[in-house]
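Okay, here's what each chain looks like letter by letter:
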Amino acid sequence: MNGKMGSVEINIPPATKAKQPEVSKKSDFQGFSCKAWIWNVWEFCKEDSNRVAFSFKVGLAVLLVSLLILLRGPYEIFGTNIIWSILTVAIMFEYTVGATFNRGFNRALGSLLAGILAIAVTQLALRTGRVAEPIIIGFSIFSIGAITSFMKLWPSFVPYEYGFRVILFTYCLIIVSGYRMGNPIGTAMDRLYSIAIGGLVAVFVNVLVFPIWAGEQLHKELVNSFNSLADSLEECVKKYLEDDGLDHPEFSKTVMDEFPDEPAYRKCRNTLNSSAKLESLANAAKWEPPHGRFQHFFYPWSEYVKVGAVLRYCAYEVMALHGVLHSEIQAPYNLRIIFQSEIQGATNQAAELVRSLGKDICNMKRSLKTSLLKRVQSSTERLQRAIDMHSYLLTAHSDPLDNSKPLPKLSHALSSTLYDLPDQLDDLDSTSLENSSNQLTQNMQSGTLPPAQTESYHEMMRKQSRRLHSWPSREVDAFEEEGSFSTDFLPRIRALESTAALSLATFTSLLIEFVVRLDHLVEAVDELSRMAKFKHESL
């Protein structure tokens, strides 16, 4: 009890005390840090077994070129210049075959251009004499460094940024070492064939030993994005319809996107951040030869990026639905379940269509989606009619409803008494508050004040209900605790409750917008299946 009459103070323990057990667990867990690290490594490898294969392939490629130095016979043939092969393997070896081909092309072209420029500049410097030779070499190094650094920033040359870096350091190493050794042409040729040996070893190991194709990675990534979007949509709607407002996450967890009980939401969030990954895989896949299920040249990898962009366009709506789910303004639970069957039906049909599109891409088959689209549209139209028919439930209800007129029923025929219950509580509370206020005034005039009493069970439950279902809850509590019951108190409460009810309209409108955007997704998938020459399959 605080100092004010007729008020109850609920002491909530501070957050630091609640987190003390976690600190003790963390301190106990530090003794098993090595075990935890091994477990994390195991989970990391289990998530994608190609990571282990890639690591072993890099080690194998470096070992093969190192044998040219470790063994006496190859070392007598190639000499110390074979170190450039090790450097080439370490720099050129990439995760996918396409990325390795891309990096190898930049490496080869850059090394070739750098060698030609170094030989030409060296011959020119030798003809100018011993005095002007270092000046010309130094000026050429400055010019090459400035030009390559500027050109790699040009938007059209961004994909070849590594090639410009190769030109710069290869040119500098060749021309400087050739100046001191006195044989620039021989030095350049030794560097070039050493780089060629390293490049060939990297390419053959990457292609022949457990190849990791960028095309396959892109294909799987896009299919997983479809499934993640459908799962996240169903998960969000399910929690919205089942949530009774009793366990909302803390504000800090909402801001930090910490929702451990929503794994599909995390996958959908990864889909929104997959733009750079899809573009990188598509650029690498363009360098790969026909392989696996992708047997024809000039495969439309760029269409995968377009489908991914449209998919993210739909995922934005799911994230908006998730924002409504965890917002501070919440519609009453008894109002949400009125439209439960319509919302659930539209959600199930939309999720089925998204999964069907992902399945077609996974199986590389082309099928008509006319029947699925019709079912999705019909379920959405039922939701729209239900919202339009019962739109009065989403607005302010200061005037009492006419009980003589029958209330239109939805598919599950929920009684309107559940939704009118807060009004009945408000009327009862206003009457009791007015009587108590009059009694308090009489006591004050007589000079006697009643002893402070705790709130009744009904009053405490009413406050708790408003904290859960009204917005903003703190302003409502301030009105009640300060005892300032003005004439506009109840209209303001009803206005706030009407605002909370409108969040349901926001949720349903976002769901309808998601369904509308599915038309663009169907068109993008159909264009991909046409250009990729998927097999036809009728429903």
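Now for a look at the structure at hand. Residue numbering note: each chain is counted from 1, following its sequence as written. With the structure being a predicted model, the display of local features is reserved for residues of pLDDT at least 70 and the display and counting of side-chain atom pairs for 80 or more, all residues being used for whole-chain, interface and lining totals. Water and hydrogen atoms were dropped before computing side-chain values, which therefore reflect all heavy atoms in the structure.

### Focus: the environment of alanine 108
The test is simple: Helix and strand assignments follow DSSP, with helices taken as H or I runs no shorter than four residues and strands as E runs no shorter than two, numbered in order from the N terminus. Partly exposed residues are those whose accessible area sits between 20% and 50% of the maximum for their type, while under 20% is buried and over 50% is exposed, using a 1.4 Å probe and protein chains only.
The residue alanine 108 is located in helix α7 (residues 97–127) in this model. Classification of alanine 108 by relative accessible area gives partly exposed; the value is 44%. Each C-alpha atom of the pair alanine 108 and isoleucine 195 lies 7.9 Å from the other, and the pair is 87 residues apart in sequence.

### Brief notes about helix α8 (residues 132–151)
We apply this condition: Residue count minus one, scaled by 1.5 Å, sets the expected span of a helix. Residue contacts are defined here by distance: any two heavy atoms, one from each residue, within 4.5 Å place the two residues in contact.
Between its first and last C-alpha, α8 extends 28 Å over 20 residues, near the 28 Å set by a 1.5 Å rise per residue. All buried positions along α8 are accounted for by Glu133, Ile137, Ser140, Ser143, Ile144, Gly145 and Thr148. Structurally, α8 contributes buried residues whose contacts are with α7 and α9 (161–181).

### Brief notes about the packing of aromatic side chains
Just so we agree on the cut-off: Put simply, two rings from Phe, Tyr or Trp (the six-membered ring, in Trp's case) pair if the centres are within 6.5 Å, and we call them stacked under 30 degrees between planes, edge-to-face over 60, tilted for the rest. Over a ring means this: the NZ of a Lys or the CZ of an Arg is within 6 Å of the ring centre and within 35 degrees of the ring normal.
Scanning the model with the defined rule gives 11 aromatic pairs in all. Seen in terms of ring centroids, tryptophan 301 and tyrosine 304 are 5.6 Å apart; in terms of plane orientation they differ by 35°. Their pairing is tilted. With tryptophan 301 and tyrosine 304 both in helix α15 (residues 301–325), this residue pair falls 3 residues apart, about one helical turn. The class for tyrosine 304 is buried, based on a relative accessible area of 0%. Three or more aromatic residues joined by ring pairs form one cluster here, namely Phe294, Tyr299, Trp301 and Tyr304. Between the NZ or CZ atom of arginine 336 and the centre of the ring of tyrosine 240, over which it lies, the distance is 5.1 Å. Taking the ring centre of tyrosine 313 as reference, the NZ or CZ of arginine 517 above it sits at 3.8 Å.

### Quick notes on the packing of α7 against α9
Stated formally: Under this scheme, a helix contributes an axis fitted over its contacting stretch, all axes are lines through C-alpha atoms, and angles between N-to-C directions fall in the 0 to 180 degree range. In this scheme, a crossing is called left-handed if the near helix is turned counterclockwise away from the far one by less than a right angle; it is called right-handed if the turn is clockwise. Think of it as three bins: nonpolar holds Ala, Val, Leu, Ile, Met, Phe, Trp, Tyr, Cys and Pro, charged holds Asp, Glu, Lys and Arg, and polar takes everything else, Gly as well.
Two numbers describe how α7 lies on α9: the axes approach to 8 Å, and their chain directions differ by 35°. α9 is crossed by α7, and the crossing has right-handed handedness. Listed contacts from α9 to Arg103, Asn106, Arg107, Gly110, Ser111, Leu113, Ala114, Gly115, Leu117, Ala118, Val121 and Thr122 of α7 are Tyr162, Gly163, Val166, Ile167, Phe169, Thr170, Tyr171, Ile174 and Ile175. Looking at the contact of α7 with α9 residue by residue, the class counts come to 12 nonpolar, 7 polar and 2 charged.

### Quick word on the environment of cysteine 314
By secondary structure assignment, the location of cysteine 314 is in helix α15. The class of cysteine 314 is buried, set by a relative accessible area of 0%. In this structure, the C-alpha to C-alpha distance between cysteine 314 and leucine 518, residues 204 residues apart in sequence, is 7.1 Å. Those residues in contact with cysteine 314 that sit more than four places away from it in its chain are Leu229, Phe514, Arg517, Leu518 and Leu521.

### What about the side chain of glutamine 349?
Where we set the bar: N or O atoms closer than or at 3.5 Å make up a polar contact, with two conditions inside protein: a donor-capable atom paired with an acceptor-capable one, and, for residues adjacent in sequence, both atoms drawn from side chains.
Mapped onto the elements, glutamine 349 comes out in helix α17 (residues 340–363). Among the polar contacts listed, one links the side chain of glutamine 349 to the side chain of arginine 375, at a separation of 3.4 Å. Setting aside residues no more than four positions away along its own chain, glutamine 349 makes contact with Arg375, Val376 and Ser379.

### Concerning α9
For α9, spanning 21 residues, the distance from its first C-alpha to its last is 30 Å, which sits close to the expected 30 Å at 1.5 Å a residue. The complete set of buried residues in α9 reads Tyr162, Gly163, Phe164, Val166, Ile167, Thr170, Tyr171, Ile174, Ile175, Ser177 and Gly178.

### Observations concerning the nonpolar core
Definition in use: Here the nonpolar core consists of buried residues drawn from Ala, Val, Leu, Ile, Met, Phe, Trp, Tyr and Cys, with membership extended through side-chain atoms lying within 4.5 Å.
In terms of nonpolar packing, the biggest core is built from 70 residues, with Phe226, Leu229, Tyr304, Ile343 and Phe514 touching the most fellow members. Broken down by secondary-structure element, the contributors of at least two residues to this core are α11 (214–242), α13 (263–272), α14 (275–285), α15, α17, α18 (370–389) and α22 (489–531). Element by element, the count of residues in this core is highest for α22, at 14 residues. Setting aside its immediate chain neighbours within four residues, isoleucine 343 contacts Val237, Leu241, Leu383, Leu504, Phe507, Thr508 and Leu511.

### Side note on the packing of α8 against α9
Short version of the rule: Roughly parallel means an angle under 35 degrees; roughly antiparallel, over 145; roughly perpendicular, 65 to 115; everything else is oblique.
It is at 9 Å that the axes of α8 and α9 come closest, and there the two elements cross at 170°. The pairing of α8 with α9 is recorded here as roughly antiparallel in orientation. Of the residues in α9, those touching α8 at Glu133, Pro134, Ile137, Ser140, Ile141, Ile144, Gly145, Thr148 and Met151 are Phe164, Ile167, Leu168, Tyr171, Cys172, Ile175, Val176 and Tyr179. Here the residues of the contact of α8 with α9 are counted per class, giving 13 nonpolar, 3 polar and 1 charged.

### A closer look at unusual backbone geometry
Here phenylalanine 210, not a glycine, exhibits a phi torsion of approximately 45°, which is positive. You can see phenylalanine 210 is positioned in the loop between α10 (184–208) and α11. You can call phenylalanine 210 exposed: its relative accessible area is 61%. Here the phi dihedral of methionine 364 falls at roughly 55°; this positive angle occurs in a residue that is not glycine.

### Some details on a nonpolar patch on the surface
Cut-off, in case you're wondering: To count toward a patch, a residue needs a relative accessible area over 30% and no salt bridge; like charges are then connected within 9 Å, while nonpolar side chains (Val, Leu, Ile, Met, Phe, Trp, Tyr) are connected within 5 Å. Residue burial considers only the protein chains on display, and all accessible areas are found by Shrake-Rupley using a 1.4 Å probe. The term salt bridge refers to a side-chain nitrogen of Lys or Arg lying within 4 Å of a carboxyl oxygen of Asp or Glu.
Taken together, the side chains of Phe105, Leu109, Leu113, Phe150, Trp154, Phe157, Tyr160 and Trp287 present a nonpolar region at the surface, about 740 Å² in accessible area. The leading source of residues in the nonpolar patch is α7, at 3 residues. Its location among the elements puts tryptophan 154 in the loop between α8 and α9. Judged by its relative accessible area of 45%, tryptophan 154 falls in the partly exposed class.

### Concerning the pattern of salt bridges
The final tally for this structure, using the stated rule, is 15 salt bridges. Here arginine 103 ties to glutamate 94 by a salt bridge, and the two come within 3.1 Å at their closest N and O atoms. Owing to a relative accessible area of 24%, arginine 103 belongs among the partly exposed residues under this scheme.

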